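# Descriptive structure summary
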2 protein chains.
Amino acid sequence: MSSFALNARLEGDSYFVSDLTLCTVRLLKDANYPWLLLIPRQSDLVEIIDLEEADQMQLMREIALASRVLREVTDCEKLNVGALGNQVSQLHVHVIARYRDDPAWPGPVWGAVPAQEYSHDRVETLIEKLRDTLAGADD
Amino acid sequence: MSSFALNARLEGDSYFVSDLTLCTVRLLKDANYPWLLLIPRQSDLVEIIDLEEADQMQLMREIALASRVLREVTDCEKLNVGALGNQVSQLHVHVIARYRDDPAWPGPVWGAVPAQEYSHDRVETLIEKLRDTLAGADD
């Protein structure tokens, strides 16, 4: 495989949840919204179109899986999916659970309000639920 | 096929570019950034995961195609891809050409600055180039 190295800022801003076939899945350290990052474990990726076509398809499968699992675990009202990468160029896909009463609704979450810390118990419980549900689902 | 009807706000805010196998492709009426919308031509879609799995794969093919074409036509520095749908729930995917000197960089484009009108000539030329390049590419 190679020299995949997770960008230090992505790593510092998030907790490890699980590894799928293509991506490592992480939870952002922001209790304002349940917010997953999917990061393909390959080096030198910036855009989705930097992936081989088969891996683009696998990325979509994993986006769909993460979306279903996040909605099941959080009972959210809307999903937001995005690959921006303007600040951290390493390819990463956001899958975010949104609610009509969250602090950024109906705007996008990026840069809307400062991140809110999770309590230790709350984040442990959330990560465990996400991990178990991902493990029990098909990708 | 069925009762696909384009949401009136999406229609009013954009120009028709081209129909692909799954999606209709439109250009947002905002000269701040070359900005495509991909809208699957099926009724009652809100989330990507509302699509059948084969159509999710086709959506990824069309996102990749639109991304390649947009980058080729605009020579942009970064692509942003997103499916939010907080304001208009009908499923639509944004594929946006970003530049380090655009008015929202490095933030997201949504809600950043008021839309800027295209001149008639500029938008006609851009749509024609997008249409020709989409037609000449594989999806």
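Predicted, not measured: the structure shown is a model, and the values here were computed from it.

As a further point, take the pairing of strand β4 (residues 78–83) of chain B. For β4(B), the tally of buried residues reaches 6 of 6 residues, placing the bulk of the element in the interior. By the alternation rule, side chains of β4(B) split into K78(B), N80(B) and G82(B) and L79(B), V81(B) and A83(B), which are all buried. In this structure, strand β4 (residues 78–83) of chain A lies alongside β4(B), joined through 3 bridges in antiparallel fashion. Following the sheet pairing, V81(A) is matched in β4(B) by A83(B). Two strands pair when backbone bridges link them, and β4(B) and strand β5 (residues 93–98) of chain B are joined in this way by 5 bridges, in the antiparallel orientation. Looking at the pairing, V81(B) lines up with V95(B) of β5(B).

Right, let's get into the relation of the copies chain B and chain A. Least-squares fitting of chain B to chain A yields an RMSD of 0.0 Å, with the transformation described by 0.0 Å of translation along the axis and a rotation of 180°. The symmetry that links the two subunits is that of a two-fold axis. Identified as the residue of chain B closest to the rotation axis by C-alpha distance is G82(B), at 2.0 Å.

This part is about the pattern of salt bridges. Residues and elements named next belong to chain B. Scanning the model with the defined rule gives 12 salt bridges over all chains in all. A salt bridge links R100 to E77; the nearest nitrogen and oxygen atoms lie 3.5 Å apart. Taken together, the residues span a long stretch of sequence, with R100 in the loop between β5 and α3 (120–136) and E77 in the loop between α2 (53–74) and β4 at a distance of 23 residues. Judged by its relative accessible area of 39%, E77 is partly exposed.

Moving on: the sheet that holds β5(B). With respect to topology, 10 strands assemble into an open sheet ordered β1(A)-β2(A)-β3(A)-β5(A)-β4(A)-β4(B)-β5(B)-β3(B)-β2(B)-β1(B), the strand pairing being antiparallel. Two strands lie at the open edges of the sheet, namely β1 (14–19) of chain A together with β1 (14–19) of chain B, each paired on one side alone. Taken pair by pair, the neighbouring strands of this sheet meet at an average axis angle of 20°, ignoring direction. Relative to strand β2 (residues 23–28) of chain B, β1(B) is paired through 5 bridges, and the arrangement is antiparallel. If you follow S14(B) over to β2(B), its bridge partner there is L28(B). Strands in contact with α2(B) are β2, β3 (35–40), β4 and β5 of chain B; relative to β5(B), the strand with the most contacts, it is inclined by about 25°.

What follows concerns the packing of α2(B) against α3(B). A pair of packed helices is captured by two measures, namely the crossing angle of their axes and the spacing between those axes. All names here are of chain B. Remark: α2 packs on α3, axes separated minimally by 10 Å, with the N-to-C direction vectors making an angle of 130°. Considering their axes alone, α2 and α3 lie oblique with respect to each other. The two elements α2 and α3 meet at a crossing, and its hand is right-handed. Judged by residue contacts, L65, V69, L70, E72 and V73 of α2 engage L126, K129, L130, T133 and L134 from α3. Looking at side-chain class alone, the contact of α2 with α3 contains 7 nonpolar, 1 polar and 2 charged residues.

The rules we used
- Residues numbered from 1 in each chain as written.
- Chains lettered and ligands numbered in written order.
- Predicted model: local features only at pLDDT ≥ 70, side-chain atom pairs only at ≥ 80, totals over all residues.
- Heavy atoms only, no water.
- Buried < 20%, exposed > 50% of the residue type's maximum accessible area, 1.4 Å probe, protein only.
- Helix = DSSP H or I, 4+ residues; strand = E, 2+ residues; numbered from the N terminus.
- Pairing = 2+ DSSP bridges.
- Least-squares fit on C-alpha atoms with pLDDT ≥ 70 in both.
- Salt bridge = Lys/Arg side-chain N within 4 Å of Asp/Glu carboxyl O.
- Axes fitted to C-alpha atoms, helices over the stretch in contact; angles between N-to-C directions.
- Contact = heavy atoms within 4.5 Å.
- Parallel < 35°, antiparallel > 145°, perpendicular 65-115°, else oblique.
- Left-handed = near helix turned anticlockwise from the far one by under 90°.
- Nonpolar A, V, L, I, M, F, W, Y, C, P; charged D, E, K, R; others polar.

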